[in-house]
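Here are the chains, one letter per residue:
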Amino acid sequence: MVAETPNWEFKQRDVHILRELAAEPQRSSRELASILEEKYDIDVSHVTVSESIRKMREEEVFREAIVPNESLFNFALFEFKFNPEHFADAWHDAMVAIRDDEHTLFYFLSDGEYQWKSVMMFPTRTAESRWIHEFYKNHGHVVQNVRNSVVHNVLKFQTDPEIFTELHEE
């Protein structure tokens, strides 16, 4: 599942809408229209704001996800090192098992020795250990090692609204 770059021409208005939604995702299109006028001197109707949000969502300019409060689950970083001997025959099933597992929040490929990585959530450390055990039972021939790290003391868990200013050259 490789994401394509959205086909979107960013207007200054869109960048400000994204910034304001990142700061407060529950803002209505009416609130956003007011903020655009008061804060950025952009006069648009709430209908235009709503339409812009809808089109950006359809074009996958941003994604919406429900991410539980970090105090409800134990988060862990998992890194998977391949066993080259069996990789060619069974990599796909292992990849799908990780990607589609209900515990997987974020899954990505990287370089280095451990090329698959995921951020996963478990209700307890026992559930996490059980998951590792079952994964090895089902896919151990593909994976030489699973390295997991406990994620604790989460210090930032949000998108900073300012990142969106880099999408539009003013």
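Everything numeric here is computed off the predicted structure, so don't read it as measured data.

Analysis parameters
- Residues numbered from 1 in each chain as written.
- Predicted model: local features only at pLDDT ≥ 70, side-chain atom pairs only at ≥ 80, totals over all residues.
- Heavy atoms only, no water.
- Axes fitted to C-alpha atoms, helices over the stretch in contact; angles between N-to-C directions.
- Helix = DSSP H or I, 4+ residues; strand = E, 2+ residues; numbered from the N terminus.
- Parallel < 35°, antiparallel > 145°, perpendicular 65-115°, else oblique.
- Left-handed = near helix turned anticlockwise from the far one by under 90°.
- Contact = heavy atoms within 4.5 Å.
- Nonpolar A, V, L, I, M, F, W, Y, C, P; charged D, E, K, R; others polar.
- Phe/Tyr/Trp six-rings, centres within 6.5 Å; stacked < 30°, edge-to-face > 60°.
- Buried < 20%, exposed > 50% of the residue type's maximum accessible area, 1.4 Å probe, protein only.
- Lys NZ or Arg CZ within 6 Å of the ring centre and 35° of its normal.
- Core = buried A, V, L, I, M, F, W, Y, C linked by side-chain atoms within 4.5 Å.
- Bend = angle between axes of the 7 residues up to and from the residue.
- Salt bridge = Lys/Arg side-chain N within 4 Å of Asp/Glu carboxyl O.

**Q** Before we go on, may I ask you to explain the packing of helix α4 (residues 84-99) against helix α5 (residues 125-139) in this structure?
**A** In a pair of packed helices, the angle between the axes and the distance between the axes together describe the arrangement. One can describe the packing of α4 onto α5 by two numbers: an axis separation of 11 Å at closest approach and a directional angle of 160°. Judged by the angle between their axes, α4 and α5 are roughly antiparallel. Between α4 and α5 the crossing geometry is right-handed. Facing α4, whose interface residues are D93, A94, A97 and I98, α5 presents W131, F135 and H139. The residue makeup of the contact of α4 with α5, split by class, is five nonpolar, one polar and one charged.

**Q** Help me understand the packing of aromatic side chains in this model?
**A** When we look at a pair of aromatic rings, we describe it by the centre distance and by the angle of the planes. Tallied over the entire structure, the rule returns twelve aromatic pairs. Between Y107 and W116 the ring centres are 6.3 Å apart and the planes differ by 75°, which places this aromatic pair in the edge-to-face class. In this structure, Y107 and W116 share a single accessibility class: buried. Cation over ring: R147 sits above Y114, and NZ or CZ is 3.9 Å from the ring centre.

**Q** For this particular structure, what's the right way to read the packing of helix α2 (residues 29-40) against helix α3 (residues 46-58)?
**A** Where α2 meets α3, the closest approach of the two axes is 8 Å, and the angle between their N-to-C directions is 110°. One finds that α2 runs roughly perpendicular with respect to α3. Side by side, α2 and α3 meet where S29, R30, L32, A33 and L36 of the first sit next to H46, V49, S50 and I53 of the second. Looking at side-chain class alone, the contact of α2 with α3 contains five nonpolar, three polar and one charged residues.

**Q** What am I meant to see in the nonpolar core here?
**A** Soluble, globular proteins show a tendency: their nonpolar side chains are buried together. In this structure, F78, F80, I98, W116, W131 and F135 are the most contacted members of the largest nonpolar core, which totals 19 residues. Setting aside chain neighbours within four positions, we find W131 in contact with F78, F80, I98, D101, H103, M120 and F122. Residues L32, I53, V61 and F62 belong to the second largest nonpolar core, which totals 17 residues.

**Q** So what exactly am I meant to see when it comes to α4 here?
**A** An α-helical turn contains 3.6 residues, so a residue and the one three or four places further along point in the same direction. Roughly 80° is the biggest bend found in α4, and it falls at A90. Along α4, the residues that are buried comprise A90, A94, M95 and I98. The inward-facing, buried residues of α4 contact β1 (74-82), β2 (104-109), β3 (114-122) and α5.

**Q** It is not clear to me how the side chain of H139 should be interpreted in this structure. Could you clarify?
**A** Tracing the sequence through the fold places H139 in helix α5. Apart from residues lying up to four places away in sequence, H139 is in contact with D93, A94 and A97.

**Q** What is the right way to look at the pattern of salt bridges in this model?
**A** Pairing between side chains of opposite charge can happen when the charged atoms of each approach one another. Tallying each qualifying case throughout the model produces 15 salt bridges. Note that E51 and K55 form a salt bridge whose closest N and O atoms lie 3.8 Å from each other. In this pair, E51 and K55 both sit in helix α3, four residues apart, roughly one turn of the helix. A relative accessible area of 31% places E51 in the partly exposed class. In this structure, the salt-bridge partner of E113 is K81, at a minimum N-O distance of 2.6 Å. In this pair, E113 is assigned in the loop between β2 and β3 and K81 in strand β1, connecting sequence segments 32 residues apart. Through salt bridges that share partners, E51, R54, K55 and E58 make up one connected network.

Honestly, it's all geometry; don't read function into it.
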